[in-house]
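Reading the structure
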Amino acid sequence: MDFKSSDSLSPGTAGPGTVAMGGPATRTVVGPRTEDALPASATAAVKIVIVGGFGVGKTTLVGSVSEIRPLTTEETMTQAGVGVDDVVGVERKTSTTVAMDFGRISINDELVLYLFGTPGQQRFWFLWNGLFQGALGAVVLVDTRRLEVSFDVIGRLEERGVPFVVAINSFMGAPDYPTEELRTALDLPDYVPIVACDARKRSSSRDVLLSLMRYLHSLAVTPEPS
Amino acid sequence: MSGSDKVWDDADPERLYVITGGRSGDSQGGSIGLVTLIVSQSVPTAGMQPEHATIVRMCQAPLSVAEISAYLHLPVSVVTVLVTDLLAESRVEARALVARAQLPEPSLIEAVMHGLQKL
Ligand SMILES: Nc1nc2c(ncn2[C@@H]2O[C@H](COP(=O)(O)OP(=O)(O)O)[C@@H](O)[C@H]2O)c(=O)[nH]1
Ligand SMILES: [Mg+2]
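Residues numbered from 1 in each chain as written. Chains lettered and ligands numbered in written order. Predicted model: local features only at pLDDT ≥ 70, side-chain atom pairs only at ≥ 80, totals over all residues. Heavy atoms only, no water.

**As for the overall build of chain B**
- When helices and strands are tallied, chain B shows 5 helices and 4 strands.
- Helices (α) and strands (β) of chain B occur, in sequence order from the N terminus, as β-α-β-α-β-α-α-β-α.
- Looking at chain B as a whole, 52% of its 119 residues qualify as buried.
- Put simply, of all contacts in chain B between residues at least 6 apart along the chain, 66% involve residues at least 24 apart.
- Taken as a whole, chain B presents about 5300 Å² of accessible surface, with 54% of it coming from carbon and sulfur. (Helix = DSSP H or I, 4+ residues; strand = E, 2+ residues; numbered from the N terminus. Buried < 20%, exposed > 50% of the residue type's maximum accessible area, 1.4 Å probe, protein only. Contact = heavy atoms within 4.5 Å. Areas by Shrake-Rupley, 256 points an atom, 1.4 Å probe, with all protein chains shown as cover.)

**Focus: the nonpolar core**
- With 96 residues, the main nonpolar core has A:Ile48, A:Leu157, A:Val166 and B:Ile68 as its most contacted residues.
- Ranked by residue count, the leading element in this core is helix H5 (residues 202-221) of chain A, at 8 residues.
- If we skip the residues at most four places from it in the chain, B:Ile68 touches B:Ile38, B:Ile55, B:Met58, B:Cys59, B:Leu63, B:Val79 and B:Val83. (Core = buried A, V, L, I, M, F, W, Y, C linked by side-chain atoms within 4.5 Å.)

**Some details on the packing of helix H2 (residues 50-58) of chain B against helix H3 (residues 65-72) of chain B**
Residues and elements named next belong to chain B.
- Two elements in contact, H2 and H3, have axes separated by 11 Å at closest approach and are oriented at 125°. The angle between the axes of H2 and H3 places the two elements in the oblique class. Here H2 runs over H3; the crossing is right-handed. Here H2 contributes Thr54, Ile55 and Met58 to the contact with H3, which in turn contributes Ile68, Tyr71 and Leu72.
- Of the residues belonging to the contact of H2 with H3, the class tally is 5 nonpolar, 1 polar and no charged. (Axes fitted to C-alpha atoms, helices over the stretch in contact; angles between N-to-C directions. Parallel < 35°, antiparallel > 145°, perpendicular 65-115°, else oblique. Left-handed = near helix turned anticlockwise from the far one by under 90°. Nonpolar A, V, L, I, M, F, W, Y, C, P; charged D, E, K, R; others polar.)

**Focus: the site of ligand 1**
- As a matter of local geometry, ligand 1 sits amid 17 residues, with A:Gly55, A:Lys58, A:Thr59, A:Thr60 and A:Asn169 nearest to it.
- Residues near ligand 1 are shared among chains A and B, making this a multi-chain site.
- A:Ala199 is positioned with one of its backbone polar atoms (N or O) 3.1 Å from an oxygen atom of ligand 1.
- Notes on ligand 1: free accessible area 580 Å², of which the protein chains cover 82%.
- At 3 residues, helix H1 (residues 58-65) of chain A tops the list of elements feeding residues into the shell around ligand 1. (Near = heavy atom within 4 Å. Polar contact = N/O pair within 3.5 Å; in protein donor to acceptor, adjacent residues only side chain to side chain.)

**A few points about the packing of H3(B) against helix H4 (residues 76-88) of chain B**
Residue and element names in this part refer to chain B.
- Relative orientation of the contacting elements H3 and H4 amounts to 110°, with a least axis distance of 9 Å. In this view, H3 runs roughly perpendicular relative to H4, as classed from their interaxial angle. As for the relative orientation of H3 and H4, their crossing is right-handed in sense. Residues Val65, Ile68 and Ser69 of H3 form the contact with H4, whose participating residues are Val76, Val79, Thr80 and Val83.

**So, the pattern of salt bridges**
All names here are of chain A.
- Applying the stated criterion across every chain, the model contains 13 salt bridges over all chains.
- Arg104 is paired through a salt bridge with Glu67; the nearest N and O atoms lie 2.8 Å apart. Of this pair, Arg104 sits in strand S5 (residues 90-106) while Glu67 is found in the loop between H1 and strand S4 (71-85), placing the two residues 37 residues apart along the sequence.
- Classification of Glu67 as partly exposed rests on a relative accessible area of 36%.
- The salt bridge partner of Arg156 is Glu159, with a shortest N-O separation of 3.2 Å. One end of the pair is Arg156 and the other is Glu159, both in helix H3 (residues 148-160) and 3 residues apart, which spans about a single turn.
- Because the salt bridges share partners, they merge into one network encompassing Arg33, Glu35 and Asp36. (Salt bridge = Lys/Arg side-chain N within 4 Å of Asp/Glu carboxyl O.)

**Considering the packing of aromatic side chains**
All names here are of chain A.
- This model, assessed by the stated rule, comprises 5 aromatic pairs over all chains.
- Each ring, one from Phe102 and one from Phe116, has its centre 5.2 Å from the other, and the planes form 25°; the classification is stacked. Taken as a pair, Phe102 in strand S5 and Phe116 in strand S6 (residues 111-119) lie far apart in primary sequence, 14 residues in all.
- The exposure class assigned to Phe102 is buried, which follows from its relative accessible area of 0%.
- Ring centres of Trp125 and Trp128 lie 5.5 Å apart, and the angle between their planes is 45°; this geometry places the pair in the tilted category. For the pair shown, Trp125 and Trp128 are each scored as buried.
- Taken together, the ring pairs connect Phe102, Tyr114 and Phe116 into an aromatic cluster. (Phe/Tyr/Trp six-rings, centres within 6.5 Å; stacked < 30°, edge-to-face > 60°.)

**Describing the sheet that holds strand S3 (residues 63-64) of chain B**
Residue and element names in this part refer to chain B.
- Pairing in this open sheet of 3 strands is antiparallel, and the strands run S3-S2-S4 from one edge to the other. Here the strands that pair on one side only, and so sit at the sheet edges, are S3 and strand S4 (92-95).
- Relative to S4, strand S2 (residues 37-40) runs antiparallel, the two being bridged by 4 bridges. Looking at the pairing, Ile38 lines up with Ala94 of S4. (Pairing = 2+ DSSP bridges.)

**Comments concerning the side chain of B:Arg91**
All names here are of chain B.
- Topologically, Arg91 is positioned in the loop between H4 and S4.
- Looking at Arg91, its side chain comes within polar contact range of the side chain of Thr45, at 3.4 Å.
- In this structure the side chain of Arg91 is engaged in a polar contact, spanning 3.0 Å, whose partner is the side chain of Glu89.
- Here Arg91 is in contact with Ser40, Gln41, Ser42, Val43, Thr45, Met48, Val56 and Leu86, once residues within four sequence places are set aside.

What follows is the structure, given as C-alpha cells:
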C-alpha cells in the first residue's frame, strides 16, 4: 500500500511518524515525534470537519492551523459479497479506501481540537457517519469557480443537523461575488455565516474556525432559528 | 490536485484480515471514535502481537485513534479492533470524545474559542 500525504505539503526526509533509530540494526520506531506528543493531562478531544470539493483548499487550511504536520488516515468502505468464494468459504469483499487529512490544535492542557478534511462528493458520504459523530460543526469550503459541489454538501449537512459556516476560499481569478449573491446562489438561510478566507494564511484559517465557534456559541445560548 | 483525496482500490484485505483475526471493526458506532484518546497503562511485553505492542509503545503519551491509524498506516476500522483488544486487557485506557450533545455547552465552545485566539 502506498499512503501519500498531500502533495501540497513540504517534503520531509522521513515520513511524519517514522523516526530512524541508530545502532547496528537500524530499527524504525513508529509514532509521533517527541515534540508532537500530547501532554499526559490531555483528557478530552473535540473535532471539526472541513468539507469541500477537490482542490478547494481543505488540506491547506488544516495545515495552516495545525500544530502537527497534517497526517493522513484512511477509512475503508467494504462491500460484502459480490462473489462468495465457495472453495475457501471466505466471503470476498471489495474494499475502497479513502484518505482524510487531519491536523491538531491543543486548546489547553486538557482539551484537544482535531480538524478533519473530507471530500464533499456524494460518493464519499460513507465516511460521514464516523466523521460527523460528535463533531462540533463543519466548515464548508467553497471555490466560487465551482459552486456545484457545495449544493449537495450543504443539503446533506442540513439533513444531518450539523451546524456549519461557509468559507469562500479566495483563489486568483475566481469571481468575487458579493456575499448576498452567494447566499442566494447557495440557497443559504440568513443565519448561516459566510466568511472569506485565504486557507494559506494561518490567521485567516483561524478566523474561519472562530466564526464557526461564534456561530455555535450563538446556537448554544439561543434556540436554532427556524 | 491533492493526493490525499485519492481513492485507493488496493487496500490489501488479506493483510488486514490477518491483523484483526478476521474481525471487522465498526468504526461507525461503538464507543471508540476517530478522536478518542488512547493512553497506555503498561509497556509492551514479549509475545504480544506486533501491532498491539506498537500501539502500547506509541500511546505512552495520549494519542487519538486517527493518529494511531495514520502512524500505523492502518484503516481506522482495524485500529478500532486492535484498541478494543487492548482495552479489554486493560493495557490502554480510552478518553472519550466530548460530543456535541444536541447543542454544545457554551463553556466548551468558549474554551475552544479561547484556545484558537492564542494561535
Ligand atoms: N490562491 C489560493 N490558492 C490556494 C488557497 N488554498 C489552497 N490553495 C492552493 O490550491 C491547491 C489545492 O489545495 P488543497 O489544500 O490541496 O485542496 P484540497 O483538495 O481541498 O485538500 C494547492 O495548490 C493550494 O496551494 C487559497 O486560499 N488561495
Ligand atoms: Mg486534500
